Amino acid sequence: MPRSNRPRRRGPADDEPELDLDRILTGGRRVEHRRSGSWNVQSVSPAQAVKDYICPGCSLPVVAGTGHIVAWRADGLMGEASDLAARRHWHSHCWKIGN
């Protein structure tokens, strides 16, 4: 009987990570700690970027269709709603080197 080169079906692998429901619901939001404090950081894919913004790091536009970072304070004094309203859209590179 000839050998089949098709991959065989396998059951769920033990080395595959479990789905993190919280990460799925929050879009990959994470908290980063920097000199200026704690920041909620969320990546925006090029498909999700539908508006132009001004990057606070370089003052150049973050053009629609460009993947970038959205950041807002995680340790603000005025409350979570105020911090979320003050979020800013950064170029990924500007966020890495700034703040």
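Residues numbered from 1 in each chain as written. Predicted model: local features only at pLDDT ≥ 70, side-chain atom pairs only at ≥ 80, totals over all residues. Heavy atoms only, no water.

Colleague: Would you explain the environment of Ser 92 in this entry?
Modeller: Here Ser 92 is to be found in helix α3 (residues 92-97). Considered as a pair, Ser 92 and His 68 are 24 residues apart in the sequence and their alpha carbons are 5.0 Å apart. (Helix = DSSP H or I, 4+ residues; strand = E, 2+ residues; numbered from the N terminus.)

Colleague: Is there a simple way to think about the environment of Ile 69 in this case?
Modeller: Relative to the helices and strands, Ile 69 resides in strand β5 (residues 68-73). Classification of Ile 69 by relative accessible area gives buried; the value is 6%. Ile 69 sits 20 residues away from His 89 along the chain, and the two C-alpha atoms are 5.7 Å apart. Each residue touching Ile 69, except ones within four places of it in the same chain, is listed here: Arg 30, Val 41, Gln 42, Ser 43, Arg 88, His 89, Trp 90, Ser 92 and Trp 95. (Buried < 20%, exposed > 50% of the residue type's maximum accessible area, 1.4 Å probe, protein only. Contact = heavy atoms within 4.5 Å.)

Colleague: For this particular structure, what's the right way to read the sheet that holds strand β6 (residues 88-90)?
Modeller: Pairing between the strands of a sheet is mediated by backbone hydrogen bonds and can be parallel or antiparallel. What the four strands build is an open sheet, ordered β1-β2-β5-β6; its pairing is antiparallel. Edge positions in the sheet fall to β1 (30-34) and β6, since each of these pairs with one other strand and no more. The mean angle between the axes of side-by-side strands here comes to 35°, regardless of whether they run parallel or antiparallel. In terms of strand pairing, strand β2 (residues 37-44) meets β5 through six bridges, oriented antiparallel. Looking at the pairing, Gln 42 lines up with Val 70 of β5. (Pairing = 2+ DSSP bridges. Axes fitted to C-alpha atoms, helices over the stretch in contact; angles between N-to-C directions.)

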